[in-house]
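Examination of the molecular architecture
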Amino acid sequence: MDGKLTTSGAVTRYLRGRNTTVEEIIDVSTKLINNELPVYLPDKETFIFKLLCDRLNDPKNEKFHYNWRVWKIFHEIYYQLGDNKNLLRNLKASEVLSKVAEDIVEKTILDKELIDQVFDVFELLLNELFIGSRNAVKILKYFISLCLISMNEDHQYTVFRYYSSLRTKTEDKVAGEIFKSSFENLLRLYSISQGKMTKEMIEKYVLYAKKSHITAFVEQITTDDSDNRQTVNEGVIFFGSLLVDKLSKNTKDMQDLNELYSSMIRYYSTQEMRVQMLEELIKRNRTLEPYVLDMLVLDSIATKSFILIETICKLNPLVVMNRTADIFSCYRMNDNVSSLNKTLTLAFVNANELDRFIKIWSLQATSGVAEKSFLNSSLMQDIADNIHTLSFFQLNALIDHLLDAKRIVPLTVVAKGMCSIITNRLYDMTIVNQFISHANKLKPKFDVLFTAKWLTDPSIWKLRYTLLCLYDGDLKVDFKSLIHCKDRNEYYFYTCFKAIEIDPSIENPKIFSRYLKWLSKELKSKSAFNSSLVSFISFRWIKIIEVSFSDSQIKKLLAILLEDNCFFEAHPFFFEQERILDIIFEYFCDSSLENPEVFIEFFESAPIQVFSKQNRIDILKVLNDLCINGSDKLRILSINLAVKLLKYSIIESPFSDLSNLKVLFKKFAQFPAEALSLVSSLCSNQTSQFTESLSSFLLKQNLHDESLMFKVSHTVLTNSKDSASQKLNAKFIEVAQSDIVRYAKYLVDLPLPSNEFSKLKKLIIEGSKGVNPADPRLLDLLKLSIRIDCFRPIHILALYLNVGTESFDLKEWVSSLDDEAFFYCFDLVIKSLGEKNDKYPLLINLLQTFIDNSKESPIVPTLLSRSLSSFISQYDPNEEESNLIFLNAIQKLLVGSNKVFTAYLIEQLLVLLNRVYSSLENGSSMVFVKASDIFSFILIYHRFKLYRRDHLLLTTVICQLKCLFKQTSQSSAVAFERVVTNLCQPPNKLSGTQSLVIHSDRVKEAIRPYLPVLVLNYVSLKIKDPMNFTTQERKEKLESAMFIVLQTLKEEELQVINSSLDESGRVVFKSLYDTFRKDHSFD
């Protein structure tokens, strides 16, 4: 076809022809624009643009509308029209856009390219102001629907711009139609994307909508029975919050707000939606009418929406309090109501009606299908914890009511609360004394609970036990008849034990036998509660067991506990019971136990003082057998306990028998650490005869390949100094010399004879040549080299920097060097460091060690200065981790060696800080904060060293401010605020012993002339990057810092700032200054 298009007339006829397809028109037009046809057509761009406008204006030309290439070439040609851009008037923009968007949505044309290109043209028309309010209803409706398809934030911004341009152009009727037709889709879009532009658009919709528009929309969405409502949940919640903000400001609108909000809540029947909508009211300190909330409570009771009831209680506690009985009636087994119960309890407490709540609860706690839900321990504990809020009148009436109704469990809870107040003394002493008085007045009412015949409920024993704890021996109780009662449960025995505590004369061995029989049965039947039962025995009744139980009964108790895999809980008070402990030791040593691990773990937690010498001897015999014949786990447990028992004194035991020890070495070949721990303990606390015999045995062994015998020899040598050990030491050194690199770590701890130094030096020099520089064994060679003074200091230092760590202790070596030697080494190392700066932290750490040892050596400032200069010149912002370590080291030096830093060094530190700030782009906030900490320290403690050089400080602050605008973290803004505070408002102190001039005033006078430059830089940065501090907290911190600057400046300096700014700068400065005056009007 291109061959026929040789004239301009042929081209124009072809493009206008009815039979020319859309694709052909686009292809030819593209070639014509790109000069790919052998035709000259004047104003070809104008011709093609008019043709496109004509075809797009035809509503029947759907093929043209749905082809994305048409919209693309339309967009491209427009920008080639030059001065003819008014040709855009040829396009019926509103009609075309609304028609295309409607077709795409209604006919579900899911073509991403088409949607993108249509939005590009939409944006073009907006930019050129060629689209108005005509067809605004359809345009907004369908373009918001297109945003739902594309989920593109740029598209949402385009729609937002269009809506913003309409606000002053649309009539009320049109505005209402817009709200009605497009707002629901807008909420749906927000629910899916929660984009910033969509959020702002919803805010503007609601802000400028009339009440009638909002009412009509709420009626529309609350009558929608389709499934679409599930897709707008987040949007509706946000809309509800805006609705509250809009209508709650005027009391006349509150009735409308109640009706609209309640209708929305009723419509969205899911618990999650209702809770979130009510939480929006809570955030804004608003509520709904009580009748609305009451209706919601009834709905929640019917659907068992406990979280919703809890939320309503936060809005209006009285509504929920009045429905508490109904709420309790809906409880069923396994309902998760602990949080709701706590909320209900606090609601009644805050209303000073806890007695009313207890009455309602007590009725349910003693009857109903959900009885166990009301006996929940957390609920009863919450009630007991708040008994202190009851007055005597309330407490007296409540106890009378519960006694009349024979409600034992609620009475127990009340008594427990009173007991807690009086015995634990966790409350104010006024309250404690009040309740002591209350308890004395109420005592006659409780006496009946120990004699009344109607008390057949087993739970009475827990109440009786609680009352005995409350009144101790003051109650009129016949303890002997009480003990002989036939009802026996857990609290029956605790009541008996408490009675024996009060009156030891009633002690009866049969009680303890009954208790052991009951405990055995109970542990077998209620395995889930074993730990709490045993814990209570260990903590509460251990003294009763110690004093009153016979030896046979204590042994039986041990057997019962062991049979059910339980044991006493270890705690300090338990270990004071000598008789029980002796029986436990005897039981362990005399019985063939099935589970000795239980005893061993218990003994491990016991202090060494509880073991007598004979106890330790007996236990060690058993442990020795377990080490030889037990399982691997039991061997390790046994030998660890043996080490503990052998550690503190000389004891004859199987472990100190050499023949037995040989057997143990074989058994523990796989567990060398435990064997070595045993040997160390034995060598430290046994006689020299034992050490000599063990050393003689080891001399006969083949010490090689880091075997167990090799390590045992090392342990013996590090823990003894007799003659036999000296021979073993010589043999050990001989073995180690065969591979000095491998065995250096063992030689470091040994007493090395000086005649071996020269030989070891040669071995270290030769051995280190073949070792990889990254090999950690070089660190052992370094330690050994220092030990025998093997190398010159410079070699030691180089080796340290190559393989050292900050934790490596060079204190002893550094203290041996004089100033001249250290200066030579340190300076040479600085000069030899390459581009990598990861060694500088080690260097600063070394310098800190030298400073600590040499006090105020004159060479320190020079060395530190050279270190800083070298680091600054080779600073690499990409080495974030090592830079942070270096800054940490500098901070430690600043804190620990304040006097070292001269004025020149402080200036160097400012140069370093400038280098750090200027190189940080979107880097780590940790580096920024650490540099700011150093800067703050300089401002507080070293500022006097920069007298009349405040311009250096200002340069650093400005550099920090510029860096802050590239950061995103809140911590960076906080660090900057701290620096500005220290810059402008230093702490008050006298500037000299004879001066009455306040230091802070002098500092302010010195820095004030430079501060306008800081404000000008701030304004400039805000104009260039106004959206950087979008987070409210960051914005507040930055403004707070600038307020401190403004507070320091005088009126004439503020005028200088204002006159130095252009128009846009003055707007920013005026906004900042107005906010400052508003917030600091009373300063």
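Notes on the structure in this doc start here. None of the values given here were measured: they were computed from a predicted structure. (Residues numbered from 1 in each chain as written. Predicted model: local features only at pLDDT ≥ 70, side-chain atom pairs only at ≥ 80, totals over all residues. Heavy atoms only, no water.)

**Observations regarding the packing of aromatic side chains**
Scanning the entire structure with this criterion turns up 42 aromatic pairs. Ring geometry for Phe599 and Phe603: centres 6.3 Å apart, planes at 55 degrees, overall tilted. Separated by four residues within a single helix, Phe599 and Phe603 lie in helix H35 (residues 596–604), roughly one turn from each other. The pair formed by Phe599 and Phe603 is uniform in burial state, with each residue classed as buried. The rings of Trp461, Tyr465, Tyr491, Tyr492, Phe493, Tyr494, Phe497, Phe512, Tyr515, Trp518, Trp541 and Phe549 are connected pair by pair, giving a single aromatic cluster. Taking NZ or CZ as reference, Lys441 lies 4.9 Å from the ring centre of Phe392, over its face. The ring of Trp461 has Arg464 lying over it, and the distance from NZ or CZ to the ring centre is 4.7 Å. (Phe/Tyr/Trp six-rings, centres within 6.5 Å; stacked < 30°, edge-to-face > 60°. Helix = DSSP H or I, 4+ residues; strand = E, 2+ residues; numbered from the N terminus. Buried < 20%, exposed > 50% of the residue type's maximum accessible area, 1.4 Å probe, protein only. Lys NZ or Arg CZ within 6 Å of the ring centre and 35° of its normal.)

**A few points about the pattern of salt bridges**
Per the counting criterion, the structure on display carries 21 salt bridges. One salt bridge connects Asp27 with Arg69, and the closest N-O pair in it is separated by 2.9 Å. Pair noted here: Asp27 is in helix H2 (residues 22–33) and Arg69 is in helix H5 (residues 68–78), with a separation of 42 residues, a long-range link. Residue classification places Asp27 among the partly exposed residues on the basis of a relative accessible area of 34%. Of the charged contacts, one joins Asp400 and Lys445 as a salt bridge, the two residues approaching to 2.8 Å between their closest N and O atoms. Remark: Lys445 occurs in helix H26 (residues 429–447) and Asp400 occurs in helix H24 (residues 392–405); sequence separation between them is 45 residues. Of the residues examined, Asp400 reaches a relative accessible area of 28% and is grouped as partly exposed. Lys445 sits in the partly exposed class, given a relative accessible area of 25%. By sharing partners, the salt bridges in this structure join Asp472, Lys498, Glu501 and Arg540 into a single network. (Salt bridge = Lys/Arg side-chain N within 4 Å of Asp/Glu carboxyl O.)

**Overview of unusual backbone geometry**
In the Ramachandran plot, Lys304 falls in the positive-phi region, its phi being about 55 degrees despite a non-glycine side chain. When you line up the elements, Lys304 lands in the loop between helix H16 (290–303) and helix H17 (306–315). Judged by relative accessible area, which is 33%, Lys304 ranks as partly exposed.

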